Amino acid sequence: MTPSRTAARITPEYRPTHSNNLTTGKIVDYAIHLEPSGPARDTISSLLGMSTDSINHVGYEGLRARPIAVSIETKTESRAVEEAKVQLGVWVAAQVARIEALARQLAPFGVKKPAAEARPGRLESELVTRGRRKSRGRGGRMSRAEQPQTQEPTPTPTVVMVPDPSDILSQTVFPLIDIQSEAWSLFLARVTPSTAPHPSNSDIRKPVSNIQIFHSVPLGNTANTVQTYRLVKSLKVLRDWVDVDYRQWWDGFLGVRDAEAGGG
């Protein structure tokens, strides 16, 4: 997990537009990114080799292969709090739209699982057993017609599992930090699957999924020593979440969770 100055605008393809067709180039000031390891890094490299400019919704070189985990917006006292919330909202909407596009790109390589093998049901097995007993009870052998026929085994079909992007996105949260002068606050953006069809108007860009941003949680501030220690502790908790939970989510999204577990 490493903090980075983004110094980049949202890629136009994922930048949301308003209902009046106005685009916005809102960006945030800093981003804490995940440093992929093992199979996840290999998968991302493969994606970047398939005409994918960046794993994120920005084309900044330092973030091309490193998923953004936490987005940070800073404001001075002279800037409105609502302005920071708008910027964070636009930013996370573009991030969700980018991950949705990645899910569609990964769909042809969906997880392949063998379908359940056909097995005789309980009633079918019981009927075969009764038939054998009845024939033997008459003192005779089973006729050729009565004998069970051996069939050639049929190939096991393979089912490609392609989950819905909204379902995948709803399994994690996207932390957003708002810094107002010395005070640090945490917002949590959560994706919920959308039941409404995506608007056919291609001039309006927005994610297919619904995004909810929950109220802020104070992380601490730099006004005094006690609050500074509280802030440091809060950031350590957030770091641990990125290194464990968020990493596991990305591994699962990229389809390398089983490979990572098998290689440990």
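Structure shown above.
Computed from a predicted model, the values in this text were never measured in an experiment.

The rules behind these values
- Residues numbered from 1 in each chain as written.
- Predicted model: local features only at pLDDT ≥ 70, side-chain atom pairs only at ≥ 80, totals over all residues.
- Heavy atoms only, no water.
- Helix = DSSP H or I, 4+ residues; strand = E, 2+ residues; numbered from the N terminus.
- Areas by Shrake-Rupley, 256 points an atom, 1.4 Å probe, with all protein chains shown as cover.
- Polar contact = N/O pair within 3.5 Å; in protein donor to acceptor, adjacent residues only side chain to side chain.
- Axes fitted to C-alpha atoms, helices over the stretch in contact; angles between N-to-C directions.
- Contact = heavy atoms within 4.5 Å.
- Nonpolar A, V, L, I, M, F, W, Y, C, P; charged D, E, K, R; others polar.
- Buried < 20%, exposed > 50% of the residue type's maximum accessible area, 1.4 Å probe, protein only.
- Pairing = 2+ DSSP bridges.
- Phe/Tyr/Trp six-rings, centres within 6.5 Å; stacked < 30°, edge-to-face > 60°.
- Core = buried A, V, L, I, M, F, W, Y, C linked by side-chain atoms within 4.5 Å.

## Overview of the overall build of the protein
Stage number 1. Broken down by element type, the protein carries six helices and eight strands.
Stage number 2. Secondary structure elements of the protein, listed N to C terminal, follow the sequence β-β-α-β-α-β-α-β-α-β-β-β-α-α.
Stage number 3. Here the protein has roughly 16,200 Å² of accessible surface; of this, 52% comes from carbon and sulfur atoms.

## Some remarks on the environment of Q171
Stage number 1. Relative to the helices and strands, Q171 is located in the loop between α4 (165-169) and β6 (173-180).
Stage number 2. Spatially, the C-alpha atom of Q171 lies 9.9 Å from that of Y246, the residues being 75 residues apart in sequence.
Stage number 3. Within polar-contact distance, the side chain of Q171 engages the backbone oxygen of D167 at 3.4 Å.

## A few points about the packing of helix α2 (residues 81-106) against helix α5 (residues 225-254)
Stage number 1. Two elements in contact, α2 and α5, have axes whose closest approach is 10 Å; the angle formed by their N-to-C orientations is 35°. Of the residues in α5, those in contact with Q95, I99, L102, A103 and L106 of α2 are Y246, W249, W250, F253 and L254.
Stage number 2. Across the contact of α2 with α5, the residue classes tally to nine nonpolar, one polar and no charged.

## Here we look at the environment of Q95
Stage number 1. By secondary structure assignment, the location of Q95 is in helix α2.
Stage number 2. For Q95, a relative accessible area of 4% translates into the label buried.
Stage number 3. Separated by 38 residues in sequence, Q95 and H57 have C-alpha atoms that sit 5.4 Å apart.
Stage number 4. Q95 has contacts with H57, I68, S71, F174 and Y246, leaving out every residue within four places of it along the chain.

## Observations regarding the pairing of strand β3 (residues 68-75)
Stage number 1. Of all eight residues making up β3, seven are buried, and the element is well covered by its neighbours.
Stage number 2. Sheet topology places strand β2 (residues 30-33) next to β3; four bridges connect them, and they run antiparallel. Paired with A31 across the two strands is S71, which belongs to β3.
Stage number 3. As paired elements, β3 and β6 share five bridges and run parallel to each other. Counted as the bridge partner of I72 is I177 from β6.

## Section: the side chain of T172
Stage number 1. Along the chain, T172 turns up in the loop between α4 and β6.
Stage number 2. Looking at T172, the relative accessible area reads 6%, which means it is buried.
Stage number 3. Every residue in contact with T172, bar those within four places of it in the chain, is listed here: R190, W241, Y246 and W249.

## Some words on the packing of aromatic side chains
Stage number 1. One pass over the structure, following the stated rule, counts six aromatic pairs.
Stage number 2. Ring geometry for F174 versus W249: centroids 6.4 Å apart, planes at 80°, classification edge-to-face. Of this pair, F174 sits in strand β6 while W249 sits in helix α5, and the two are 75 residues apart along the sequence. For the pair F174 and W249, a shared accessibility class is recorded, and that class is buried.
Stage number 3. Taking the centre distance of 5.5 Å and the plane angle of 15° together, the rings of W249 and F253 count as stacked. Residue W249 and its partner F253 are located together in helix α5, separated by four residues, close to a single helical turn.
Stage number 4. F253 gets classed as buried once you look at its relative accessible area, which sits at 10%.

## Notes on the nonpolar core
Stage number 1. Within the largest apolar cluster, 52 residues are counted, with the highest numbers of intra-cluster contacts made by F174, I177, W250, F253 and L254.
Stage number 2. Every element with two or more residues in this core is listed here: β2, α1 (39-48), β3, α2, α4, β6, β7 (183-192) and α5.
Stage number 3. I177 has contacts with V70, S71, I72, E73, L88, W184, S185, L186, L219, L235 and L238, leaving out every residue within four places of it along the chain.

## Structural notes on unusual backbone geometry
Across residues other than glycine, the phi torsion is negative in most instances, and most of the peptide bonds are trans.
Stage number 1. Not every positive phi belongs to a glycine, and S181 is a case in point at roughly 60°.
Stage number 2. Taking the relative accessible area as the measure of exposure, S181 reaches 34% and is therefore partly exposed.

## Thoughts on the pairing of β7
Stage number 1. In this structure, β6 lies alongside β7, joined through eight bridges in antiparallel fashion. Bridging from a neighbouring strand, D178 pairs with S185 of β7.
Stage number 2. Once β6 ends, the chain turns through two residues before running back antiparallel as β7, passing S181 with a positive phi of about 60°.
Stage number 3. The pairing of β7 with strand β8 (residues 210-221) spans nine bridges and is antiparallel. Looking at β8, one finds that A183 is bridged to N221.

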